[in-house]
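# Working through the structure, step by step
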Amino acid sequence: VEDATAKGVVLPEWIATRFIWRPVRLERARIVARLQHALEVVGSGEKLGLWLNSVRKLQSYADVPVLKQIQRGRNTWNVEGKHVLDFSGPVSTADVAELIVGLLFAAHKNPAIGAAQTLLFLLEHPERMDEVLTELDAEAPSDGGKLTLSIQ
């Protein structure tokens, strides 16, 4: 996406739109649709991993403020007939897929940001930190080695 943006801004808009931005947008939509389908097909269970299990438990858009910031939500109409985004109810699989793809596209640029944000999240939510450490301990070497995390 960033590469397409950089290429497109140096070209006339009609060329950039037709040959760069539109194809990238369509490819992203295809990826999101495939991921959405996969998320709907995959069952639940501990083997899915901490992040996917946590996402499946989201009950409302209030649980994911970034979805409001990027204007994701259900398209609906209010009583005056004006278009609004509805952020009530459980988070849709389509929005989860869009969020994951956004994170994946951003992740290639600077993994340090993702690691720092993950660390901050874990520090703010000690119960999640315990889950991660428990999962890591389960993967520890069978020779009795123990994984630890120390933050100073």
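See the structure above.
As a starting point, this report considers the structure included with it. Think of each chain on its own: its residues are numbered from 1, step by step along the sequence as written. Local features in this predicted model are restricted to residues whose pLDDT is 70 or higher, and side-chain atom pairs enter the listing and the counts only when it is 80 or higher, whereas totals over whole chains, interfaces and linings include all residues. Working from all heavy atoms in the structure, the side-chain values ignore hydrogens and water.

### Some remarks on the overall build of the chain
Rules: Only runs of H or I of at least four residues qualify as helices and only runs of E of at least two qualify as strands under DSSP, and these elements are numbered from the N terminus. Note on exposure labels: buried denotes an accessible area under 20% of the residue type's maximum, exposed denotes more than 50%, and partly exposed covers the range between, all computed with a 1.4 Å probe on protein chains only. Any two residues whose heavy atoms approach within 4.5 Å are treated as being in contact. What sets the accessible areas is the Shrake-Rupley method with a 1.4 Å probe; for residues, cover comes only from the shown protein chains.
On a plain count of helices and strands, the chain comes out with 7 helices and 2 strands. The secondary structure elements of the chain, listed N-terminal to C-terminal, are α-α-α-α-β-β-α-α-α. The proportion of buried residues among the 152 residues of the chain is 18%. Within the chain, residue pairs in contact and separated by at least 24 positions form 45% of the contacts whose partners lie at least 6 positions apart. Carbon and sulfur atoms form 59% of the exposed surface of the chain, whose accessible area is close to 11300 Å².

### Details of the pattern of salt bridges
We count it as follows: By salt bridge we mean one thing: a side-chain nitrogen of Lys or Arg within 4 Å of a carboxyl oxygen of Asp or Glu.
If you walk through the whole model with that rule in mind, you get 3 salt bridges. One salt bridge connects Arg-30 with Glu-27, and the closest N-O pair in it is separated by 3.0 Å. Note that Arg-30 and Glu-27 are positioned in helix 2 (residues 13-41) at a spacing of 3 residues, about one turn of the helix.

### Details of helix 2
Stated precisely, the cut-off is as follows: A helix is expected to reach a length of 1.5 Å times the quantity of its residues less one. Each residue is assigned a bend, namely the angle between axes fitted to the seven residues that terminate at it and the seven residues that start at it.
With 29 residues, helix 2 ought to run about 42 Å at 1.5 Å a step, and its terminal C-alpha atoms sit 40 Å apart, in line with that. Along its length, helix 2 reaches its greatest deviation from straightness, about 35°, at Trp-21, and the proline Pro-23 lies no more than four positions downstream. Residues of helix 2 that are buried include every one of Ala-16, Ile-20, Val-32 and Leu-39, and no others.

### Overview of the nonpolar core
Rule in force here: Remark: nonpolar core denotes a set of buried residues (Ala, Val, Leu, Ile, Met, Phe, Trp, Tyr, Cys) joined through side-chain atoms within 4.5 Å.
In this structure, Val-32, Leu-39, Leu-52, Val-55, Leu-58, Val-91, Val-96, Ala-97, Ile-100 and Val-101 together form the largest nonpolar core, which totals 10 residues. Where this core is concerned, the elements lending two or more residues are helix 2, helix 3 (50-56) and helix 5 (93-107). For this core, the element with the highest residue contribution is helix 5, accounting for 4 residues.

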